[in-house]
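Structural description and commentary
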Amino acid sequence: MRPIVQNIVTGSGVLTGNNPVVLDMYQNPMNVSVVARSTGNNSGTIQISYDDPFAAYASSYSGNATWTNSGVVAPGATTILQYSGAPIRALRYAPGGPTNSGALVLTVIQAGLTA
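These numbers were taken from a predicted model, which means no experiment stands behind them. (Residues numbered from 1 in each chain as written. Predicted model: local features only at pLDDT ≥ 70, side-chain atom pairs only at ≥ 80, totals over all residues. Heavy atoms only, no water.)

**Observations regarding the environment of Pro-29**
With respect to the secondary-structure elements, Pro-29 resides in the loop between strand 3 (21–22) and strand 4 (31–38). C-alpha of Pro-29 to C-alpha of Ala-111: the two residues are 82 residues apart in sequence and 8.1 Å apart in space. (Helix = DSSP H or I, 4+ residues; strand = E, 2+ residues; numbered from the N terminus.)

Below you can see the structure in the form of structure tokens.
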């Protein structure tokens, strides 16, 4: 899989460029690497979901899916996360609050062998 890169900008309570990254849950083995690079006063969490983004109830996947906090992104820092074995269906960045300002670059790479 080619890297998926999201440029997320926050400021004054406005968040742009932040959509769930849908993963291939059939990739075996499941190997996902996430790098979140924060600038400015931008902090939050990386969240994962095991819910199906293509199910009938997913008309608003961001709102209807169950999201679990998985990693913390500190202001001005780089966070690296690795997921393996679990069939994660999607992940996203959740901002820490309305006072966030700056940018966050979220890079996701999924690798594995198909059976």
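That shown, we press on.
**Things to note about the environment of Val-21**
Looking at the element boundaries, Val-21 is found in strand 3. By relative accessible area, Val-21 is classed as buried at 3%. With 70 residues separating them in the primary sequence, Val-21 and Leu-91 have C-alpha atoms 5.3 Å apart. Those residues within four positions of Val-21 in sequence are excluded, and the remaining contacts are Ile-4, Gln-6, Arg-89, Ala-90, Leu-91 and Val-108. (Buried < 20%, exposed > 50% of the residue type's maximum accessible area, 1.4 Å probe, protein only. Contact = heavy atoms within 4.5 Å.)

**Here's the deal with the sheet that holds strand 3**
Reading across the sheet, the 4 strands line up as 3-8-5-6 and stay open at both edges, with antiparallel pairing between neighbours. Whereas interior strands pair on both sides, the edge strands pair on one side only; in this sheet they are strand 3 and strand 6 (68–73). Here 2 bridges tie strand 3 to strand 8 (residues 90–95), and the two strands are oriented antiparallel to one another. Along strand 8, the bridge assignment pairs Val-22 with Ala-90. (Pairing = 2+ DSSP bridges.)

**Things to note about the pairing of strand 5 (residues 44–49)**
The side chains of a regular strand alternate, residue by residue, between the two faces of the sheet. Within strand 5, 6 of the 6 residues are buried, which leaves it mostly tucked inside the rest of the structure. Bridge count for strand 5 against strand 6 is 5 bridges, and the pairing is antiparallel. Along strand 6, the bridge assignment pairs Gln-47 with Asn-69. With 6 bridges joining them, strand 5 and strand 8 adopt antiparallel strand pairing. Looking across to strand 8, one finds that Gln-47 is bridged to Arg-92.

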